[in-house]
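# Summary of structural features
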Amino acid sequence: KQAPQGAEIIGSDFVPEMLVRARAKAAASGAKVEFVEADALALSFAAGSFDLVSCAFGFRNLANYERGLLEIYRVLKLGGSVAILEFAEPRGRIFGALYRFYFRHVLPRLGGWISGNASAYTYLPRSVSKFPSPERLQEQFALAGFRDVQFKRWTGGIVTLHTGRK
């Protein structure tokens, strides 16, 4: 889906190599995105700069989730929205156990074999297991000041979309 006419889209990361890759992908797709190097825990944007802040599969990598949410809240305009898409551990005794076995034992070996980068596939399960549950993250959103805080589990609970408004 295309951005609304006149919308300005800014992407950020604190790893310069990720910005190089993002610029190449945006250029290949024709997307008009400005990319800036920025730390999510101390954003270089003025308060009230954005209508929407979104993050997909990167929020769990922050060193401090509370500080990250406070920074998002700070840079959002009044009435602005946040959307964070992130991995989660699924509920359910049977599916959850099967998922954890696959995620912790099969995926690291298979992913490492295919990509040649085993460390990336051992890091992923560890980072997901340390990430707060959707219910706990919902509480953290509310503590940061967001209202209308919700989350929706997708793909059997493996992925969760968290949303809120300032």
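The structure this text deals with has already been given above.
Here we summarise the structure given alongside this text. Bear in mind that the values here come from a model prediction, so they are computed numbers and not experimental data.

### A few points about the overall build of the protein chain
Helix and strand counts for the protein chain stand at five helices and six strands. Start at the N end of the protein chain and walk to the C end: the helices and strands fall as β-α-β-β-α-β-α-α-α-β-β. Here the C-alpha atoms of the protein chain give a radius of gyration of 17 Å, agreeing with the 15 Å that 2.2 N^0.38 yields for 166 residues. Reported as C-alpha extents along the three principal axes, the dimensions of the protein chain are approximately 45 × 35 × 30 Å. Of all intrachain contacts in the protein chain linking residues separated by at least 6 positions in sequence, the fraction that spans at least 24 positions is 62%. Counting 22 positive and 14 negative side-chain charges, the protein chain places the averaged centre of each group 7 Å from the other.

### Examining the nonpolar core
Counting residues in hydrophobic clusters, the biggest one holds 22 residues, and the most contacted among them are Phe-59, Leu-69, Ile-72, Phe-141 and Phe-146. Of all elements in the fold, only β3 (50-56), α2 (65-75), β4 (76-87) and α5 (134-143) reach the threshold of two or more residues within this core. At four residues, α2 tops the list of elements feeding residues into this core. The residues touching Phe-146, leaving out its near neighbours within four places in the chain, are Leu-69, Ile-72, Tyr-73, Leu-76, Val-82, Phe-141, Gly-164, Arg-165 and Lys-166. Listed in part, the 11 residues of the second largest apolar core include Leu-85, Phe-87, Leu-107 and Ile-158.

### Some thoughts on helix α3 (residues 93-115)
Between its first and last C-alpha, α3 extends 31 Å over 23 residues, near the 33 Å set by a 1.5 Å rise per residue. Bending of α3 peaks at approximately 45° at the position of Val-106, with proline Pro-108 no more than four residues after it. Those residues of α3 that sit buried are Gly-96, Tyr-99, Phe-103, Leu-107, Pro-108, Gly-111 and Gly-112. Each element contacted by the buried residues of α3 is listed here: α4 (118-130). Count one or two residues on from α3 and you reach Gly-116, which has phi positive near 80°.

### Concerning the sheet that holds strand β5 (residues 147-154)
Strand order in the open sheet formed by four strands is β3-β4-β6-β5, and the pairing between neighbours is mixed. The strands lining the two open edges of the sheet, one partner per strand, are β3 and β5. When strand polarity is set aside, the average angle formed by the axes of neighbouring strands in this sheet is 10°. Strand direction decides the pairing type here: β5 and strand β6 (residues 159-165), joined by six bridges, are antiparallel. Paired with Gln-150 across the strands is Thr-163, a residue of β6. The strands touched by α5 within the sheet are β4, β5 and β6, with β5 carrying the most contacts at an inclination of about 160°.

### Some details on the pairing of β3
Here β3 pairs with β4 via six bridges, running parallel. Pairing of Ala-56 across the sheet is with Leu-85, part of β4. Taken together, β3, α2 and β4 form a β-α-β motif whose crossover is right-handed.

### Some remarks on the layout of surface pockets
Each pocket or cavity is described by its volume, and for the largest pocket that value is around 1700 Å³. Taken together, 40 residues form the lining of the largest pocket, with Ile-10, Gly-11, Ser-12, Ser-54 and Cys-55 sitting closest to its centre. Counting residues per element, the ones that place at least two in the lining of the largest pocket are β1 (10-13), α1 (16-29), β3 and α2. Considering each element in turn, the lining of the largest pocket owes the most residues, seven residues, to β3. Looking at the lining of the largest pocket, its residues break down into 26 nonpolar, seven polar and seven charged.

Criteria and thresholds
- Residues numbered from 1 in each chain as written.
- Predicted model: local features only at pLDDT ≥ 70, side-chain atom pairs only at ≥ 80, totals over all residues.
- Heavy atoms only, no water.
- Helix = DSSP H or I, 4+ residues; strand = E, 2+ residues; numbered from the N terminus.
- Rg over C-alpha atoms; globule rule 2.2 N^0.38 Å.
- Contact = heavy atoms within 4.5 Å.
- Lys, Arg positive; Asp, Glu negative; His and termini not counted.
- Charge placed at Lys NZ, Arg CZ, Asp CG, Glu CD.
- Core = buried A, V, L, I, M, F, W, Y, C linked by side-chain atoms within 4.5 Å.
- Buried < 20%, exposed > 50% of the residue type's maximum accessible area, 1.4 Å probe, protein only.
- Expected span 1.5 Å × (residues − 1).
- Bend = angle between axes of the 7 residues up to and from the residue.
- Pairing = 2+ DSSP bridges.
- Axes fitted to C-alpha atoms, helices over the stretch in contact; angles between N-to-C directions.
- Right-handed = clockwise from strand over helix to strand, strands pointing away.
- 1 Å grid on protein atoms, 1.4 Å probe; cavity = no way out; pocket = protein on both sides within 12 Å on 5 of 7 lines; lining within 4 Å.
- Points joined across faces, edges and corners; volume = space filled by probe spheres on them.
- Nonpolar A, V, L, I, M, F, W, Y, C, P; charged D, E, K, R; others polar.

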